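Chain residues, written in single-letter form:
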Amino acid sequence: MGRPIEIGLLWHSDSNRNLGVGALTVGNMALVREAAAQAGREPRFHLFAPRDQRPPYVEGFASRHAITRNFLLAPSGYWRAIGRLDVMLDIGAGDSFTDIYFSRRFAFLIATKYACIARGVPLVLSPQTIGPFTRQPHTALAAAALRRAALIFVRDPMSADAVRTLAPRARLFQSIDVAFALPFTPAPKGPGLRVGVNVSGLLYSGGYTGRNDFGLELDYWDYTHRLIDSLLAEPGVTVELIPHVDEPNLPNDDDGRAADLLADRYPEVVRVPSFRSPVEAKSYISGLDFLVGARMHATIAAYSAGVPVVPVSYSRKFEGLYGALGYAWLVPARGMATDAALALTLEAFHRRDELAAAIRDGDAVVQQGLQTYVAALADLFGSLR
């Protein structure tokens, strides 16, 4: 076996209150270990994560670094730390490499990439959503970074198109979300029909400002209430509220707060306690018979555990991912009215066996996407000296 490879994990997290970001970290580490084993190398992981006060739920790091302004600017900070690496795997928190968020967020994302390029550390964009880019100088800066990346992996065809437009000669691979590789312990089913509703605190609040920030056509508040009313009227059904983002300091983004409000409104439902880790969340979700979810990684947890699921999409990352899987049971919240969305969701509930079959059919696409990523990483790791 060759010497250990020093691998940076950029914009991953071992403690993010959004368990989807944690799911990316755990899943990516599992796949990187597989690739390193194929290359006959031992991986040593170095985490570069946004600061978070939650206790870590991921282990196995040789070093941890909190990405702050001071850390990026200090000569003894980010620049020195990345100089010890053989390769940097940048997952962009899953969907942050775009200009649809605040410019400060983009600045941090692009600065960390450019520093790797300037330092001569091979930059790999791990499977993620890339784009859209709609303004300058964001588009030009993103294009330059994409052209200089060693490898680029996207988790959906829309992102692949965005990369081809900005950097036609980039080393681009169509892969899949690494959270499909998140391990879990299968939970027992029953009794009765257990239906999970993952209510997004962000959508339930109307977005960050409360003014329908995502331009939804459906009334998510009304849709959620009517959905729970309808499910509770079904014989033998227990409705369980499944939080996936625990942000008590950001009430508009807190699934737990939305779940508490709904539990007060519907005493018959089960308010599931907030999970301590993404593995715990997926293990619990695996015991459900059906899930309706507006947090993408809650729906990926269901899908990859074989649980019939209806994703409620507020972003093209949903359509891109599930479109690549040929999975049609998705509510496009920006392009479907409330009545139609509710009807589609209840139809899916009554056709759960068909959804389960569609998930089984999509598994080949998932496995091919994961193995594309592993094989390319194994080749890269084998070439490092």
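Fair warning: this is a prediction, and the values are worked out from it, not measured in the lab.

Colleague: Looking at this structure, how should I read the pattern of salt bridges?
Modeller: Side chains carrying opposite charge are able to pair once their charged atoms draw close together. Throughout the structure, instances matching the rule amount to 19 salt bridges. Between R226 and D222 there is a salt bridge, with its nearest N and O atoms 3.3 Å apart. With R226 and D222 both in helix α8 (residues 220-232) and 4 residues apart, this pair spans about one turn of that helix. The shortest N-O distance in the salt bridge between R276 and E280 comes to 2.6 Å.

Colleague: How do you make sense of unusual backbone geometry when you look at a structure like this?
Modeller: One can expect most non-glycine residues to show negative phi and most peptide bonds to be in trans. Here the residue pair Q136 and P137 is connected by a cis peptide bond, since its omega of 5° sits within 30 degrees of zero. With respect to the helices and strands, the residue P137 is situated in the loop between β5 (123-128) and α5 (138-148). Omega for the peptide link from G190 to P191 comes to 0°, which places this bond in the cis form. By the element assignment, P191 lies in the loop between β7 (172-174) and β8 (193-198). Even without being a glycine, W11 presents a positive backbone phi close to 60°. Following the sequence through the fold, W11 ends up in the loop between β1 (5-10) and α1 (19-39). Even without being a glycine, N212 presents a positive backbone phi close to 55°. Looking at the element boundaries, N212 is found in the loop between α7 (201-204) and α8. Exposure remark for N212: the relative accessible area of 37% places this residue in the partly exposed category.

Colleague: Looking at this structure, how should I read the sheet that holds strand β11 (residues 290-293)?
Modeller: As a general point, the strands of a sheet are linked pairwise by backbone hydrogen bonds and lie either parallel or antiparallel. Strand order across the open sheet formed by 6 strands is β10-β9-β8-β11-β12-β13, with parallel pairing between neighbours. At either end of the open sheet lies a strand with only one pairing partner, and these are β10 (270-271) and β13 (331-332). The sheet strands contacting helix α12 (residues 316-324) are β12 (309-313) and β13, and the helix crosses β12 at an angle near 145°.

Calculation notes
Residues numbered from 1 in each chain as written. Predicted model: local features only at pLDDT ≥ 70, side-chain atom pairs only at ≥ 80, totals over all residues. Heavy atoms only, no water. Salt bridge = Lys/Arg side-chain N within 4 Å of Asp/Glu carboxyl O. Helix = DSSP H or I, 4+ residues; strand = E, 2+ residues; numbered from the N terminus. Buried < 20%, exposed > 50% of the residue type's maximum accessible area, 1.4 Å probe, protein only. Pairing = 2+ DSSP bridges. Contact = heavy atoms within 4.5 Å. Axes fitted to C-alpha atoms, helices over the stretch in contact; angles between N-to-C directions.

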